[in-house]
Amino acid sequence: MALDVQTPVPVVDGSTITREEFYAQYYRPQKPVVLRGLWKQYPAYSKWTMDFFKKTMGNIEVGLFGNRPEDISKTLQVPNAKMRFDEYLNLIEREPTDLRLFLFPVFKYKPELLKDFGYPSIAGGYIKIPFMFFGPPKSIVRMHQDIDMSNVFLTQFHGRKRVILFAPDQSTLLYRLPFNVHSTVDVDHPDYDAYPGLNYVKGQSVVIEHGDTLFMPSGYWHHIEYLEGGFGLSVRTMAYSWQMKMRGVYNLTIQRTTDNIMRKMNDEKWFIYKKKLAHERAEKAIQKLDGTSSMPRATVGS
């Protein structure tokens, strides 16, 4: 049985929506939306293609990340493989692979590309550190929150992506790992016996393609599947609420430091402990929703 993610993310004309409309309908209430054509105003909209990056940056060596079975937070730190950028782009056009290129500092290598786009006036408070993401068909970006709790504007330039979103108030029922912004839940193959909290969650889904900008509000969980090999770029704004701003600061400082220290001390035991605590918290949330005091429905083993 699939998760309840049938509610579509609304799509609006990003080239005509006003800042006032965007703030009133989506930004202040923190609701996801696809802003179609928002980036038509910039040269990058038509200039940035696979061939463009092969020709201009092909000789750069890049670190690539795959889907590993252990603690997902490791995938953000140690690459699985390295290769030339043009070889990687040829690879993702040619065949499926789980190797992805994310948080890629393109502009460190080619700062003149910053002239190809701007920061849309539809919002303010931008964190002007853009990142690009490249991936092959069928690759998965497993469900997570962004650690800084920023609002994300994800613009797709090549290929299609399927994105599943869950609001941050469902974190406990999604089995968020303590001291972390990840979950061990498999969105595509949910195990309701091991994760009974999934019976209570509801998400949204959308497929984005060239010219679509997906607004993901602060703290939203997102699971991304590359339907085709392609790439996109994200720009961010500060979290809308002070609560989320402080949560982002906590995540980047105390939470991340604690997690790194404990993993160095005993990685395996720490991961088991986090999974156990995530299940205990989810069970308490289920009991509160059900108004019962039943025994735990799932057991976390080693």
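Shown above is the structure to which this text applies.
Our subject in this report is the structure included herewith. Quick caveat, the model's predicted, so the values are computed rather than measured.

1. Concerning the overall build of the chain
In terms of regular secondary structure, the chain is built from six helices and 14 strands. A compact globule built from 302 residues would reach a C-alpha radius of gyration of about 19 Å, and the chain, at 20 Å, matches this within 12%. Counting only C-alpha atoms, the chain reaches 60 × 45 × 35 Å along its principal axes. Residues counted as buried form 54% of the 302 residues belonging to the chain. For the chain, long-range pairs separated by at least 24 residues make up 81% of all intrachain contacts whose partners lie at least 6 apart in sequence. By element, 54% of the accessible surface of the chain is carried by carbon and sulfur atoms, the whole surface being about 14,400 Å².

2. Thoughts on the pattern of salt bridges
Under the counting rule described, the total for this entry stands at 13 salt bridges. D259 serves as the salt-bridge partner of R263, at 3.7 Å between the closest nitrogen and oxygen. Here D259 and R263 lie together in helix α6 (residues 242-290), a separation of four residues that amounts to about one turn. Taking relative accessible area as the criterion, R263 reaches 14% and is therefore assigned buried. On the basis of relative accessibility, which here comes to 4%, the residue D259 falls in the buried class. Taken together, the shared-partner salt bridges in this structure form one network comprising R162, D188 and E225.

3. So, empty space enclosed by the protein
Under the defined criterion, the tally for this structure stands at one cavity of 30 Å³ or more. The space that makes up the largest cavity amounts to roughly 50 Å³. Lining the largest cavity, in full, are D146, M149, S150, V152, M216, P217, S218, G219, Y220 and H222. Of the residues belonging to the lining of the largest cavity, the class tally is five nonpolar, four polar and one charged.

4. Digging into the pairing of strand β8 (residues 140-144)
Each regular strand carries side chains that alternate between the two faces of the sheet. Taking burial as the measure, the five residues of β8 include four buried ones, the bulk of the element. The sheet contact formed by β8 and strand β13 (residues 221-226) spans three bridges and is antiparallel. Within β13, the position partnered with V141 by the bridge is I224.

5. A short note on α6
Each full turn of the α-helix corresponds to 3.6 residues, which orients residues three or four apart in the same direction. Helix length check: α6, at 49 residues, gives a terminal C-alpha distance of 31 Å against a target of 72 Å (1.5 Å per residue), a shortfall beyond 12%. By the largest-angle criterion, N266 marks the main kink of α6, which is about 125°. Trailing α6 by a residue or two, G291 shows a phi angle of about 70°, which is positive.

6. Here's the deal with the pairing of strand β10 (residues 161-166)
Counting buried positions along β10 gives five out of six residues, so the element sits mostly inside the fold. Across five bridges, β10 lies against strand β11 (residues 204-208) in antiparallel orientation. Residue V163 lies in a different strand from β11, and its bridge partner there is V206.

7. Some thoughts on the sheet that holds strand β12 (residues 212-216)
Think of a sheet as strands paired side by side through backbone hydrogen bonds, with each pair either parallel or antiparallel. Taken together, seven strands build an open sheet; the order of strands is β2-β3-β12-β9-β14-β7-β6 and the sheet is mixed. Of all the strands in the sheet, just β2 (11-13) and β6 (101-104) have a single pairing partner and so form its edges. When the angles between neighbouring strand axes are averaged without regard to direction, this sheet yields 25°.

8. Points about the sheet that holds β13
Taken together, the five strands give an open sheet; going across it, the order is β1-β11-β10-β13-β8, and neighbouring strands pair in mixed fashion. Looking at which strands have only one partner, the edges of the open sheet turn out to be β1 (7-8) and β8. Sheet topology note: the β10/β13 ladder contains six bridges and is antiparallel. By the bridge assignment for β13, V163 is matched with I224.

9. Side note on the nonpolar core
Counting residues in each nonpolar core, the largest one holds 44 residues, and the members touching the most others are F22, W48, F53 and Y88. The element that contributes the greatest number of residues to this core is helix α4 (residues 85-94), accounting for five residues. In this structure, Y88 is in contact with L64, M83, L99, R100, L101, F134, G135 and P136, ignoring residues within four places of it in sequence. Counting 19 residues, the second largest nonpolar core, distinct from the first, contains V34, F131, I208 and M216.

10. A look at the environment of K55
By the element assignment, K55 lies in helix α3 (residues 50-57). Judged by relative accessible area, which is 73%, K55 ranks as exposed. Here the alpha-carbon distance between K55 and H222, two residues 167 residues apart in the chain, equals 32 Å.

Basis of the calculations
Residues numbered from 1 in each chain as written. Predicted model: local features only at pLDDT ≥ 70, side-chain atom pairs only at ≥ 80, totals over all residues. Heavy atoms only, no water. Helix = DSSP H or I, 4+ residues; strand = E, 2+ residues; numbered from the N terminus. Rg over C-alpha atoms; globule rule 2.2 N^0.38 Å. Buried < 20%, exposed > 50% of the residue type's maximum accessible area, 1.4 Å probe, protein only. Contact = heavy atoms within 4.5 Å. Areas by Shrake-Rupley, 256 points an atom, 1.4 Å probe, with all protein chains shown as cover. Salt bridge = Lys/Arg side-chain N within 4 Å of Asp/Glu carboxyl O. 1 Å grid on protein atoms, 1.4 Å probe; cavity = no way out; pocket = protein on both sides within 12 Å on 5 of 7 lines; lining within 4 Å. Points joined across faces, edges and corners; volume = space filled by probe spheres on them. Nonpolar A, V, L, I, M, F, W, Y, C, P; charged D, E, K, R; others polar. Pairing = 2+ DSSP bridges. Expected span 1.5 Å × (residues − 1). Bend = angle between axes of the 7 residues up to and from the residue. Axes fitted to C-alpha atoms, helices over the stretch in contact; angles between N-to-C directions. Core = buried A, V, L, I, M, F, W, Y, C linked by side-chain atoms within 4.5 Å.

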